[in-house]
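Remarks on the overall topology
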Amino acid sequence: MTLNDNVNIEIKLLLEAIYLKYGYDFRGYAHAHIKRRLLNRLKTLGLKRISDLQKLILYDKDAFARLLKDLSINVTEMFRDPSFYLSLRNEVIPVLRTYPFIKVWHAGCATGEEVYSMAIILKEEGLYERTRIYATDLNSIVLDKASEGVYVADQIKNFTSNYQQAGGKGSFADYYSASHGLAMIDRSLKEKIVFSNHNLVTDGPFGEMNLILCRNVLIYFSRELQDHVIGLFTESLGGSAYLCLGSKESLKYSGHADMYDEISKKEKIFRKKLLWPRSQ
Amino acid sequence: MKYSAVVIGASAGGMDALRIILSSLPATFPLPVMVVNHIAPSSTNYLTRHLDANSPLVVKEAEEKENITDGAVYVAPPNYHLLVEEDKTLSLSTSERVKYARPSIDVLFETAALAYGPALIGVVLTGGNNDGSDGLKYIKDLGGTGIVQDPATAESNSMPNAAIETANPDYILPLEDIAKTLQELASL
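A short tour of the structure in this document, coming up. (Residues numbered from 1 in each chain as written. Chains lettered and ligands numbered in written order. Predicted model: local features only at pLDDT ≥ 70, side-chain atom pairs only at ≥ 80, totals over all residues. Heavy atoms only, no water.)

Across its full length, chain B carries 6 helices and 9 strands. Here the C-alpha atoms of chain B give a radius of gyration of 14 Å, agreeing with the 16 Å that 2.2 N^0.38 yields for 188 residues. Along the first, second and third principal axes, the C-alpha set of chain B runs to 35 × 30 × 30 Å. Put simply, chain B has 188 residues, and 60% of those count as buried. For chain B, the share of sequence-separated contacts (at least 6 apart) that also reach a separation of at least 24 residues comes to 71%. As displayed, chain B has an accessible area near 6,700 Å², and 48% of this comes from carbon and sulfur atoms. Across chain B, the mean location of the 12 positive side-chain charges is 1 Å away from that of the 23 negative side-chain charges. (Helix = DSSP H or I, 4+ residues; strand = E, 2+ residues; numbered from the N terminus. Rg over C-alpha atoms; globule rule 2.2 N^0.38 Å. Buried < 20%, exposed > 50% of the residue type's maximum accessible area, 1.4 Å probe, protein only. Contact = heavy atoms within 4.5 Å. Areas by Shrake-Rupley, 256 points an atom, 1.4 Å probe, with all protein chains shown as cover. Lys, Arg positive; Asp, Glu negative; His and termini not counted. Charge placed at Lys NZ, Arg CZ, Asp CG, Glu CD.)

We now examine the sheet that holds strand β9 (residues 171–173) of chain B. All names here are of chain B. Overall, parallel pairing links the 7 strands, which are arranged β3-β4-β2-β1-β7-β8-β9 in an open sheet. In the strand order of this sheet, the two ends are held by β3 (58–61) and β9, each with one partner. Between one strand and the next, the sheet's axes are offset by a mean angle of 20°, whatever the strand orientation. In this fold helix α3 (residues 105–116) packs onto β1 (5–10), β2 (33–37) and β7 (120–124), with an angle of close to 170° to the strand it touches most, β1. (Pairing = 2+ DSSP bridges. Axes fitted to C-alpha atoms, helices over the stretch in contact; angles between N-to-C directions.)

This next bit is on the interface of chain B and chain A. Tallying the contact residues gives 27 residues for chain B and 26 residues for chain A. Carbon and sulfur atoms supply 49% of the area that chain B and chain A bury against each other, a total of about 2,100 Å² over both sides. It is Glu64, Lys65 and Thr94 of chain B that lose the most area in chain B upon contact with chain A, and together they represent 28% of the buried surface on that side. Where chain B meets chain A, there are 5 salt bridges. Across the salt bridge formed by Lys35 of chain A and Glu86 of chain B, the nearest N and O atoms sit 2.5 Å from each other. Scanning the region where chain B abuts chain A turns up 20 residue pairs in polar contact (both at pLDDT 80 or more). Listing elements by their share of the side of chain B that touches chain A, those giving two or more residues are β5 (81–84), β6 (90–93) and α3 of chain B. (Buried area = accessible area lost by both parts, 1.4 Å probe. Salt bridge = Lys/Arg side-chain N within 4 Å of Asp/Glu carboxyl O. Polar contact = N/O pair within 3.5 Å; in protein donor to acceptor, adjacent residues only side chain to side chain.)

Here we come to the side chain of Thr48 of chain B. All names here are of chain B. Considering the arrangement of structural elements, one finds Thr48 in helix α2 (residues 46–53). Taking relative accessible area as the criterion, Thr48 reaches 9% and is therefore assigned buried. Sequence-distant contacts of Thr48, defined by excluding residues within four places in its chain, comprise Val59, Lys60, Glu61 and Val75.

Quick look at the structure:
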């Protein structure tokens, strides 16, 4: 398959060009997903070769911004996987309650739905006032959406059902106001959230977190990159702190796996061991 | 061997159709099989367990970054796309629905076609939409072989009809004959 080999070479060069020009590093991402997105974008633009796309994005920032949107996955919802949030409430919150101050890092927060879900749980458990949530993503367009906290109102039915299944203690309607087909997240939920740009591949750790959530991000990374990012989380977590991954993700491909206890196998909640044997 | 892998897509009526095919393949079937069956996002892994219990082959839910092993059957988990990597591992994705579906048959077929080229067999079974038709055409365009269930034997015939129209498959077969043909092709 010479043609496909050529396409793969061109993709490699394009990802290198994106990294050199814009600093976004997709070189360690799982290949099939990236390739599918690039080939679709090529078709939409009516271009013949990936190298044409390379030329375009090198000289046209807006074209790159659109491609970046293609390459990052921003599909999310409030209380996505309700059973996960129920476990979080039942298993993790009681421990966080014993801390004077709680630091949460939501890595790869996309448009913010799951960040606000976390804020709601902390609020209902009376912990929000002593929490700071750092919500990060590599894509500033989605971060802006996240900090606005405005969602399409037809999603509310699904969000409400998720909230109830996730063990919600109040009425979901208290957390947004709806008008003109849009649902605006209540201002009070935003108070303790800091939205900022952070790239898991190229940026460094965040200090002494009590809880890191990074759900459905690692599945887009190669095994090597997964290992790198889990290392970053391990450095960012305090002793006995929690790491939550997406329901189909694992620590299996990470050399750091033995530094964690599994709190919930099904919901992918891990807890960093207080002490671990240092490797030579 | 001429072929290296099989991909199967099914929708409405897919559970029975998949059971009939997978129960008729021998334990010695030499190729890996990747399966997308449209299923509600909140489903459990019942489909996988049901197929595993009814097939001599090992049927399991696909895990991300898993190595593809000959003779194993991998089923896309509910609410995730299943993709085949060119290094013969599996990937999952939560990206947008394609033709209203996640998992999407087209996504599996297209990525598998890129990974296996002419060594791939694609099978479109019963279903009430047109997912899989573009994917099967992609497989054919890259030199692979297409099989579509005879619409007359399908619980829901839209998906087979769409695939026949779009992809010009090599075989249009009654459900009961698909396993036999897969075995014959696998021995080439």
